[in-house]
Amino acid sequence: MMNFLETVASEISEKYKNNLHKLVLVFPNQRQAFYFRNYFIKQNVGINFLPRLFTIEQFITHITQKQTADKIVQVYELYNAFSYVYEHVYADKEKSRSFEQFYNIGLTLLSDFEEVNTSLVNINTLCSILEDIESIDKQFDELSDEQKAYLYQFGSSLNSKSAIQQNFITLWQRLPEIYNRFYSQLEKGGLTTNGMAFRAAVTMLKNNPAYLVNNKTGISNVGFVGFNALNKCEFTIFEILQNQGNATFWFDADDYYLNNKKQEAGFFLRKSLVDGGLKNSLESVNVIANATDIIEVVGVQGSIAQTKLIVDWLKQLPEDLETADAAILIADESLLIPALQSLPADINAINVTMGLPLKSTALFSFLNIYFNIQQSLAGNNNEIHYTLIEQWLRSKYCDWKEAEKKSITDDINSKNIISVRISSLKGISVLGDLVFNSSSHLNAEKFLKQFKLLVKCLVPKAKEDKTIKPDELFILEVWKKIQVLEQMFMKIGQDFSIDFIIKTIKTFLSDLSLPFQGTSVSGVQVMGLLESRGLDFKHVLLIGASEGTLPSKSASKSYIPHNVRKAFELPLAEFQEAISAYVFYRLLHRVKQLTLVYNKQVSDISTGEPSRFIQQLDFETGYDIQYRFTSFETAPNSTQEIIVEKTPDVVERIKRSLEHISPSAIKTYMGCSLQFYYKYVARIKEPEMITESVDAAMFGSLLHRIMELVYRDDKGIVVKELIDQDYIRSRIDRLQEFSSRAFLELYTKGNVDGNLTGINSIVNDILIQYAEALLQFDLDYAPFRIVDLEIKLNVPVNVNCNGEELKVHFEGLVDRIDEKNGVYRMVDYKTGVDSLMISGFNDLFEQGNKKLNGAALQTIIYTFLYSRSFPQHQNIEPALMPLRELIKNNKDSLRFFIKDEGVPLDYRYFMDNSALIEEKLSAIIKDILNKDLAFEQTEHELLCSYCTYNKICDRVVF
């Protein structure tokens, strides 16, 4: 079977071979015209004449000779009409609007007016239904009973008129005057809209049916090829020309849906051919009802994952296939870029004819960053949030040198700067100065001038960087749009907020797209599903065949209620579904191999089901629908084990790391020897991160500092006097002061003055509550004496390893040492899920112990170091303040308890086992130096959840 356009080309070649120069052919879009031209030339080698080819829009322009106004100009002229009617016709300035207030109203009205025009609805008749809903029968004799019922339903909903409804009714009643004045203003400027151009063409042909086809125009016949969903204007034009005997139609249809009123795919063709009486020159095919072919339906997990099937699909194409007979169709336009990225590098021929939207480019991302920065500066032109700077630094358009980027990033991270002063960002580059130059004081005209200067500065980068090459063309288009916007704002002459100016720019740039350079019919074709209308391919891969995408559920905004739309046969949401159904079913006419891909992942935007069109084929036809499901590995099946052997070089590094080793390092080794290697031997630094809100580590540091300030005097000196309950109560009264000071020193690092706000204000309150809870325990323990705070201990221990005597310096910082009745406590504050329970004393020194009590191990080592540093103090014991456990279980003691022995770890137990502790620590050092014990990953992957290096090990635990 020949392709549809091939068949049309063949018929035209035969029927009009002597009058091709008098033939005009009209197509729904440029792509069909292009394909037809190639087929026609291929069939008529050496031909001297071609028919004149138009798209439907070009054909209407040819009839009316009117230029369509830019959307920006349309909004402006509509606003002028709106303001004139409200302020001058009705003297109703109170309900008039500024342009900023009108803007969204205007966009919706433009859309409604276009549909009113292309549907040939009389605006006065449409809007008069509110005058007297009871007189519908008299006013609308031409309407059917069903259509009248829709209007009655609409009228009944307005019996109780709220303020919003009253404003709507007022607007509705004035629409005819707004409508007429709007088009009158455009007419004076020699402009029109697309819908009004269609309407004007109908009027011209009704008044003079021979206006288009006559000896003067040199046109004897007009052919319409590949149409489906005709609006009322198109149908009327077709009908007029057919009645004159000057029109020929080639519709592509299948009997299966054309002759079955239940099939939505044939809805429009039945209206045109069966109900409307247009005559199809092409006999409809009868393929779908009799087909038994296999259709493969593939479900994948995730939207973008659908594009991963492209490579395999291309590989299974027949080697002798002409690549022009294969097409990748995309039902979801957002998948275009992922689809292109999935194409193999070695593919010989590919022809992308789908438009590239501006919103998919690096330019659009950069412009969004610029707009976000400007909106932020409108609120505060002295400072900017650090995340906006990070966005700028990551942008492909950032022209700062790497050293400058690093300097600013390091400064922000090291000082935890949340709000960065704009003055620190100036003078680095011309583009950077424009990006961070506040426009809050500028009017629309000056803002747009500055914006144009910014866009101009982007040209060199777009030319230089091949990865953003399409941006060079987009920059020119953006420039043109801004020129028109600039003129419009100047004419309006009102003050606009920065937010509105930016919103307007975004609106008029959001629909901007550029066609790819591909115009060849050779190669595998890549295009949108709707763009495939009228085209046939033997092998098709359709991506995005999911329910909700095919058909789409999107609905446009309108001021015309649904029931009124139905009554006047204006476009409805179900019309779009019928269009999608036709485009889908038409693929089946001449295809040999069809693969449909859908997203089976259930989410807020996906039902996880294939399109209902697929399910209809499965239940209603003889097609062999074969479902299969596939998945793509996004990570290795198994994580490769990481082992670091202790080579001579590694051993030397270990020795250097052991010159000073802390209890925290010992705890790290006991939990995971590889983490110990990364942090203390290889010395891989943890990345500095900005903590915009207080994280767990910072929370602990803040609480430690508050408790330190409690037991220091105002000069920062440790209070040596006896701590009694009165002293503690006096310090509780100053906790707000201590907390604010801790925040300033540790969190904001002196960069922010004033009160804490937002989540940090809540954290501040919690810190004060926690500190007060700790001090309640001290109240019960008082009186006692503070020996020292934040004391640094350093104890050398000789370790014999492999016959070599090494001096290892154990050192650490003890939170607090207090004394009561001759007992010295090493107090460690903990805000995490730490416990006073120890399963067994020996378990603390077992490497890789899943139940390791790290807090106990650290505190015991601190106690051991203190006992060696101050041997005169005999009665020493470790003490832990695990705040959560103390509050939850109402503990009255800070002593550890050894479960398997059933005894507390008091000063007696500690002194009895002091020698054992030193022996255990020496054994740990020997293990660290043991060449036969490599550094390995822990077996307990739950520990990896909190490890800084889990990405190196590919052990990110959720």
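Throughout, residues of each chain are indexed from 1 in the direction in which the sequence is written. Thresholds applied to this predicted model are a pLDDT of at least 70 for local features of residues and 80 or more for the giving and counting of side-chain atom pairs; totals over whole chains, interfaces and linings are not thresholded and use all residues. The basis for every side-chain value is the complete set of non-hydrogen atoms in the structure, without hydrogens or water.

Accessible area is worked out with a 1.4 Å probe on protein chains only. A residue is then buried under 20% of its type maximum, exposed over 50%, and partly exposed in between. Helix and strand assignments follow DSSP, with helices taken as H or I runs no shorter than four residues and strands as E runs no shorter than two, numbered in order from the N terminus. The element strand 21 (residues 823-830) is extensively covered by neighbouring structure, given that 8 of its 8 residues are classed as buried. Here strand 21 shows a buried face lined by Val823, Arg825, Val827 and Tyr829 and a second buried face lined by Tyr824, Met826, Asp828 and Lys830. Should DSSP find at least two bridges between two strands, the strands are taken to pair. The sheet contact formed by strand 20 (residues 804-820) and strand 21 spans 5 bridges and is antiparallel. Within strand 21, the position partnered with isoleucine 817 by the bridge is methionine 826. From the end of strand 20 to the start of strand 21, which pair antiparallel, there are 2 residues, and asparagine 821 there has a positive phi angle of about 55°.

What helix 13 (residues 267-275) keeps buried is the set Phe268, Leu269, Arg270, Ser272 and Leu273. The contact rule is simple, with two residues in contact once any of their heavy atoms fall within 4.5 Å. Where the residues of helix 13 are buried, they touch helix 11 (232-243), helix 12 (255-258) and helix 24 (573-586). Where helix 13 terminates, the next one or two residues include glycine 277, which has phi positive at roughly 85°.

Each residue gets a pLDDT score, which is the predictor's confidence in that residue and runs from 0 to 100. Confidence along the protein chain averages 86 in pLDDT terms, with 91% of residues attaining 70 or more. Averaged pLDDT values for the elements of the protein chain fall to 49 in helix 7 (residues 136-139) and rise to 97 in helix 11. With pLDDT under 50 throughout, residues 634-638 is counted as low confidence; its partners more than four residues away or in other chains account for 1 contact.

Overall, mixed pairing links the 3 strands, which are arranged 22-24-25 in an open sheet. Every other strand in the sheet has two partners, leaving strand 22 (837-838) and strand 25 (903-904) as the edge strands with one partner each. The pairing of strand 24 (residues 897-898) with strand 25 spans 2 bridges and is antiparallel. In the strand pairing of strand 25, isoleucine 898 is matched with valine 903.

Take a nonpolar patch on the surface next. Patch membership needs two things, relative accessible area over 30% and no salt bridge, and members are linked within 9 Å if like-charged or within 5 Å if nonpolar (Val, Leu, Ile, Met, Phe, Trp, Tyr). Computed with a 1.4 Å probe, the accessible areas rest on the Shrake-Rupley method; for each residue, only the protein chains presented here act as cover. Each reported salt bridge corresponds to a side-chain nitrogen of Lys or Arg within 4 Å of a carboxyl oxygen of Asp or Glu. On the surface, Ile41, Ile47 and Leu50 cluster together into a nonpolar patch covering about 190 Å² of accessible area. The residue leucine 50 is located in the loop between helix 2 (30-43) and strand 2 (52-55) in this model. For leucine 50, a relative accessible area of 33% puts it in the partly exposed group.

Mapped onto the elements of the fold, serine 119 is located in the loop between helix 5 (99-118) and helix 6 (123-127). Using a relative accessible area of 10% as the deciding quantity, one classes serine 119 as buried. Of the polar contacts made by the side chain of serine 119, one reaches the backbone oxygen of glutamate 115; its length is 2.8 Å. The residues contacting serine 119, other than those within four sequence positions of it, are Lys232, Glu569, Leu570 and Pro571. Any N or O atom pair separated by 3.5 Å or less is treated as a polar contact, with the protein-specific requirement of one donor-capable and one acceptor-capable atom, and with residues adjacent in sequence counted only for side-chain atom pairs.

A few words on the packing of aromatic side chains. Two aromatic rings, drawn from Phe, Tyr or Trp (for Trp, its six-membered ring), form a pair once their centres lie within 6.5 Å of each other, and the interplanar angle then sorts them: stacked below 30 degrees, edge-to-face above 60, tilted otherwise. Tallied over the entire structure, the rule returns 61 aromatic pairs. Here a set of aromatic residues connected by ring pairs shows up, and it is made of Tyr79, Phe82, Tyr86, Phe99, Phe102, Tyr103, Phe489, Phe496, Phe500 and Phe508. Note that arginine 825 overlies the ring of tyrosine 781, its terminal NZ or CZ placed 3.8 Å from the centroid. Two limits define a charge over a ring: the Lys NZ or Arg CZ must be within 6 Å of the ring centre, and within 35 degrees of the ring normal.

This part takes up the nonpolar core. Ranked by size, the top nonpolar core spans 137 residues in total, and within it Phe451 and Tyr711 carry the most contacts. In terms of residue count, helix 9 (residues 163-188) provides more of this core than any other element does, 10 residues in total. Apart from the residues within four sequence positions on either side, tyrosine 711 is in contact with Ile717, Val718, Val719, Ile723, Tyr727, Ile728, Leu775, Asp778, Phe784, Ile786, Leu789 and Arg816. Within this scheme, the nonpolar core is defined by two criteria: the residues are buried Ala, Val, Leu, Ile, Met, Phe, Trp, Tyr or Cys, and they are joined through side-chain atoms within 4.5 Å. Residues Ile56, Ala578, Val583 and Val591 belong to the second largest nonpolar core, which totals 91 residues.

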